[in-house]
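Chain by chain, the residues:
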Amino acid sequence: MTDTPTASPAVSPALLYDDAQAAIRQLTEAFGFLRTALYESEDGTVLHAELVYGNGMVMIGSRGRGGVFDHAMRQAGPAGVYVVVEDADAHHARAVEHGVEVLTPPTDQEYGSRDYMARDVGGNIWTFGTYAPKGP
């Protein structure tokens, strides 16, 4: 997988952040996502952003701006997201270079993946690895 969008994903996690601008910077600079859409209010609040990696996408928004989704998510905990990468060690090195909190270093797993785990600025847990789940 690369950070170049290849198709519209069928599943897209939607994450809210206290500082969505910081989250977008971290996801693009440290993790290699490509921002494909950004909608902001006049004061710079992120209303909706789309970041892609390969054929996957995550949607980002600002916490505390109101609305049904924001209300429903107000007490939601961090989420965990898995992203397939070609080279977990190189991806990890990039994340470390950008000061990301790494929870586990690149490790070979029994099921054939090499992956590492990190925490983003919003407390969400991201695992980047070489295991590619098989779709339908």
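Residues numbered from 1 in each chain as written. Predicted model: local features only at pLDDT ≥ 70, side-chain atom pairs only at ≥ 80, totals over all residues. Heavy atoms only, no water.

K.L.:
Would you explain a nonpolar patch on the surface in this entry?
P.N.:
A contiguous nonpolar patch, built from Tyr82, Tyr111 and Tyr131 and spanning about 310 Å² of accessible area, is present on the exposed surface. Structurally, tyrosine 82 is set in strand β5 (residues 80-84). For tyrosine 82, a relative accessible area of 32% corresponds to the partly exposed category. (Patch = residues over 30% accessible without salt bridge, like charges linked within 9 Å, V, L, I, M, F, W, Y side chains within 5 Å. Areas by Shrake-Rupley, 256 points an atom, 1.4 Å probe, with all protein chains shown as cover. Salt bridge = Lys/Arg side-chain N within 4 Å of Asp/Glu carboxyl O. Helix = DSSP H or I, 4+ residues; strand = E, 2+ residues; numbered from the N terminus. Buried < 20%, exposed > 50% of the residue type's maximum accessible area, 1.4 Å probe, protein only.)

K.L.:
Hey, could you run me through helix α3 (residues 88-97) in this one?
P.N.:
Every α-helical turn comprises 3.6 residues, leaving residues that sit three or four positions apart pointing alike. Those residues of α3 that sit buried are Ala88, His91, His92 and Ala95. For α3, the buried positions fall inside an angular range of 100° around the axis, keeping them on one side. Structurally, α3 contributes buried residues whose contacts are with β3 (46-53), β6 (101-108), β7 (114-119) and β8 (125-129). At the N-terminal end of α3, a side-chain oxygen is found 3.1 Å from the backbone nitrogen of aspartate 89, two or three residues along, and the residue is aspartate 87. Directly beyond the C-terminal end of α3, a positive phi value near 75° is found at glycine 99. (Arc of directions from axis to C-beta. Contact = heavy atoms within 4.5 Å. Polar contact = N/O pair within 3.5 Å; in protein donor to acceptor, adjacent residues only side chain to side chain.)

K.L.:
In this structure, what is going on with the environment of histidine 91? I would like to understand it.
P.N.:
Turning to its location among the elements, histidine 91 is positioned in helix α3. If we ignore the near neighbours within four places in the chain, the residues touching histidine 91 are Phe31, Tyr53, Val85, Tyr116 and Phe128.

K.L.:
Just checking my understanding: could you explain the sheet that holds strand β1 (residues 14-17) for this structure?
P.N.:
The strands that make up a sheet are held in pairs by hydrogen bonds between backbone atoms, and each pair lies either parallel or antiparallel. Read across the open sheet, the 4 strands follow the order β1-β4-β3-β2; overall the sheet is mixed. The sheet is open, and its two borders are formed by β1 and β2 (34-40), each paired with just one other strand. Across the sheet, the mean angle from the axis of one strand to that of its neighbour is 20°, orientation sign disregarded. With 4 bridges joining them, β1 and strand β4 (residues 56-62) adopt parallel strand pairing. (Pairing = 2+ DSSP bridges. Axes fitted to C-alpha atoms, helices over the stretch in contact; angles between N-to-C directions.)

K.L.:
Whenever I open this one, the nonpolar core confuses me. Can you help?
P.N.:
Here is a general trend for soluble globular proteins: nonpolar side chains tend to be buried in one another's company. Among the nonpolar cores identified, the biggest contains 25 residues, and Phe31, Phe33, Ile60 and Trp126 are the most heavily contacted of them. Where this core is concerned, the elements lending two or more residues are β1, α1 (20-29), β3, β4, β5, α3, β7 and β8. Aside from chain neighbours lying at most four places away, what touches phenylalanine 33 is Leu27, Thr28, Leu51, Val52, Tyr53, Val58, Val83, Trp126 and Phe128. (Core = buried A, V, L, I, M, F, W, Y, C linked by side-chain atoms within 4.5 Å.)

K.L.:
Looking at this structure, I do not really get the pattern of salt bridges. What am I missing?
P.N.:
When their charged atoms lie close together, side chains carrying opposite charge are able to pair. Applying the stated criterion across every chain yields a total of 4 salt bridges. With a closest N to O distance of 3.4 Å, arginine 63 and aspartate 18 form a salt bridge. Here arginine 63 is found in the loop between β4 and α2 (68-73), whereas its partner aspartate 18 is found in the loop between β1 and α1, with 45 residues between them in sequence. On the basis of relative accessible area, arginine 63 is assigned to the partly exposed category, the value being 30%. You can call aspartate 18 exposed: its relative accessible area is 70%. Of the charged contacts, one joins arginine 114 and aspartate 89 as a salt bridge, the two residues approaching to 2.7 Å between their closest N and O atoms. A residue pair is termed long-range when its members are at least 10 positions apart, and arginine 114 in strand β7 and aspartate 89 in helix α3 qualify at 25 residues. Through salt bridges with shared partners, one network takes in Asp89, Asp108 and Arg114.

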